[in-house]
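Coordinates in review
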Amino acid sequence: MGKIECDMCGVCCIAYSISSLNKKAGVTCKNLLPNGKCGDYENRPQVCRDFQADYFCYFLSSLPKDEQISIIKEIYGE
Ligand code: SF4
Ligand code: SF4
């Protein structure tokens, strides 16, 4: 299977904690735009630069947004 493509769902910008942005897990990043793009792309942290879409993205993409968020909260906490 080839490289997994990111569909810009934005879920990873909500799910993970990012200490350099003082962002807690499950909280929407202040830089996330409604279209799923990064509003501060040029200055995004290294952890965002290194992040790769994976199979979890495929799983999440099959679900409605509110279910995505609740699953993420269960996994990563508030
Ligand atoms: S969760 Fe996956 S598909 Fe969604 S924006 Fe992040 S990398 Fe892309
Ligand atoms: S800085 Fe940009 S890429 Fe990183 S979590 Fe926030 S919106 Fe996503």
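Note that the structure is predicted; figures quoted are calculated from it, not measured.

What the protein contains, in helices and strands, is four helices and zero strands. What you see in the protein, going N to C, is helices and strands ordered as α-α-α-α. A burial count over the protein gives 8% of its 78 residues as buried. In the protein, of all internal contacts separated by at least 6 residues, the share reaching a separation of at least 24 is 57%.

With that settled, the discussion passes to the site of ligand 1. The immediate surroundings of ligand 1 are formed by Cys-6, Asp-7, Met-8, Cys-9, Gly-10, Val-11, Cys-12, Ala-53, Cys-57 and Leu-60. Taken together, the residues that form the shell around ligand 1 break down as eight nonpolar, one polar and one charged.

End to end, helix α4 (residues 65-76) covers 16 Å across 12 residues, agreeing with the expected 16 Å (1.5 Å per residue, within 8%). Among the 12 residues that make up α4, zero are buried, leaving the element largely open to the surroundings. Once α4 finishes, Gly-77 follows within two positions and takes phi at roughly 85 degrees, a positive value.

To continue, consider the nonpolar core. If you look at the biggest cluster of nonpolar residues, it comprises five residues: Val-11, Cys-13, Ile-14, Ala-15 and Cys-29. With residues near it in sequence (within four places) discarded, Ile-14 still touches Gly-26, Val-27, Thr-28, Cys-29, Ile-69 and Ile-72.

By nearness alone, every residue bordering ligand 2 is listed as Cys-13, Ile-18, Cys-29, Asn-31, Leu-32, Cys-38, Asp-40, Arg-44 and Cys-48. Classifying every residue of the shell around ligand 2 gives six nonpolar, one polar and two charged.

Residue Met-8 is not a glycine yet carries a positive backbone phi of 60 degrees. Its 13 C-beta neighbours within 10 Å are what place Met-8 among the partly exposed residues.

Our next topic: the environment of Lys-24. Along the polypeptide, Lys-24 turns up in the loop between α1 (12-15) and α2 (46-50). For the pair formed by Lys-24 and Leu-60, sequence separation is 36 residues and the distance between their alpha carbons is 20 Å.

Okay, the confidence of the model for the protein next. Regions with low pLDDT carry predicted coordinates that are not meant to be interpreted in detail. Of all residues in the protein, 97% attain a pLDDT of 70 or more, and the chain-wide mean is 89. The lowest-confidence element of the protein is α4, averaging 84 in pLDDT; the highest-confidence one is α2, averaging 95.

By the element assignment, Ile-18 lies in the loop between α1 and α2. Here Ile-18 falls in the partly exposed class, since 17 other C-beta atoms lie within 10 Å of it. Between the C-alpha atoms of Ile-18 and Lys-65, which are 47 residues apart in sequence, the distance is 21 Å. Excluding its chain neighbours within four sequence positions, the residues that come into contact with Ile-18 are Lys-23, Cys-29, Pro-45 and Val-47.

What counts, and at which threshold
Residues numbered from 1 in each chain as written. Chains lettered and ligands numbered in written order. Predicted model: local features only at pLDDT ≥ 70, side-chain atom pairs only at ≥ 80, totals over all residues. Helix = DSSP H or I, 4+ residues; strand = E, 2+ residues; numbered from the N terminus. Buried ≥ 20, exposed ≤ 12 C-beta atoms within 10 Å, placed from the backbone. Contact = placed C-beta atoms within 7 Å. Near = placed C-beta within 6 Å. Nonpolar A, V, L, I, M, F, W, Y, C, P; charged D, E, K, R; others polar. Expected span 1.5 Å × (residues − 1). Core = buried A, V, L, I, M, F, W, Y, C linked by C-beta atoms within 7 Å. pLDDT = per-residue confidence, 0-100.

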